[in-house]
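Examining the three-dimensional arrangement
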Amino acid sequence: MSLILAVLALAAGTYAVRLGGVHVGGSRLSLRLQHWGDPAVIVLIAGVAATATLFDGQAFAGWARVAGVSAAAVLAAIRVPLVVVVVAAAGVAASARALGID
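The structure displayed is predicted, hence computed values, not measured ones.

**A word on the overall build of the chain**
- Helices and strands together make up the secondary structure of the chain, namely four helices and two strands.
- Helices and strands in the chain line up, N terminus first, as α-α-β-β-α-α.
- Out of the 102 residues in the chain, the part that is buried amounts to 13%.
- A separation of at least 24 residues holds for 36% of the contacts in the chain among residues at least 6 apart in sequence.

Quick look at the structure:
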């Protein structure tokens, strides 16, 4: 039930921001919202990524997943093509699990 309420609140907030953007237009409030909105999106995505990396349900996901995501982050930071990032991250995680690192 709490998940449904959270999704509804997020949907209502998103709709309100979009509707407000139409009415506010190029005003100073719109620029201020854009100034604070962009970093907020980055923080939200980083939080979701960190949670998905570290937890599987309510338990720790294991060091193999952390190693795979870390490898992907490094490769993405140096602008390696996405296919290479995904394959390398999967390879690092699979290798770690094959070595017994869970």
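**A look at helix H3 (residues 63-77)**
- For H3, spanning 15 residues, the distance from its first C-alpha to its last is 21 Å, which sits close to the expected 21 Å at 1.5 Å a residue.
- Listing the buried residues of H3 in full gives Ala64, Val66, Gly68, Ala71, Ala72 and Leu75.
- Trailing H3 by a residue or two, Arg79 shows a phi angle of about 65°, which is positive.

**Section: the side chain of Thr53**
- Following the sequence through the fold, Thr53 ends up in helix H2 (residues 28-54).
- When its relative accessible area of 13% is taken as the criterion, Thr53 is described as buried.
- Residues in contact with Thr53, not counting those within four places in the same chain, are Ala61, Arg65, Val66 and Val69.

**What to know about helix H4 (residues 82-98)**
- Taking 1.5 Å per residue as the helical rise, H4 with its 17 residues ought to reach 24 Å, and the 24 Å between its terminal C-alpha atoms agrees with that figure.
- Where the residues of H4 are buried, they touch H3.

**With respect to unusual backbone geometry**
- Backbone geometry places Arg79, a non-glycine residue, at a positive phi of 65°.
- Note that Arg79 resides in the loop between H3 and H4.

**Here we look at the packing of H3 against H4**
- Contact pair H3 / H4: the axes reach a minimum separation of 8 Å and the direction vectors enclose 155°. What the angle tells us is that H3 and H4 run roughly antiparallel. H4 is crossed by H3, and the crossing has right-handed handedness. Across from Ala64, Arg65, Ala67, Gly68, Ala71, Ala72, Leu75 and Ala76 in H3, the residues of H4 making contact are Val84, Val85, Ala88, Ala89, Val92, Ala93, Ala96 and Arg97.
- Counted by class, the contact of H3 with H4 contains 13 nonpolar, one polar and two charged residues.

Conventions we followed
Residues numbered from 1 in each chain as written. Predicted model: local features only at pLDDT ≥ 70, side-chain atom pairs only at ≥ 80, totals over all residues. Heavy atoms only, no water. Helix = DSSP H or I, 4+ residues; strand = E, 2+ residues; numbered from the N terminus. Buried < 20%, exposed > 50% of the residue type's maximum accessible area, 1.4 Å probe, protein only. Contact = heavy atoms within 4.5 Å. Expected span 1.5 Å × (residues − 1). Axes fitted to C-alpha atoms, helices over the stretch in contact; angles between N-to-C directions. Parallel < 35°, antiparallel > 145°, perpendicular 65-115°, else oblique. Left-handed = near helix turned anticlockwise from the far one by under 90°. Nonpolar A, V, L, I, M, F, W, Y, C, P; charged D, E, K, R; others polar.

On their own, these measurements won't tell you what the molecule is for.
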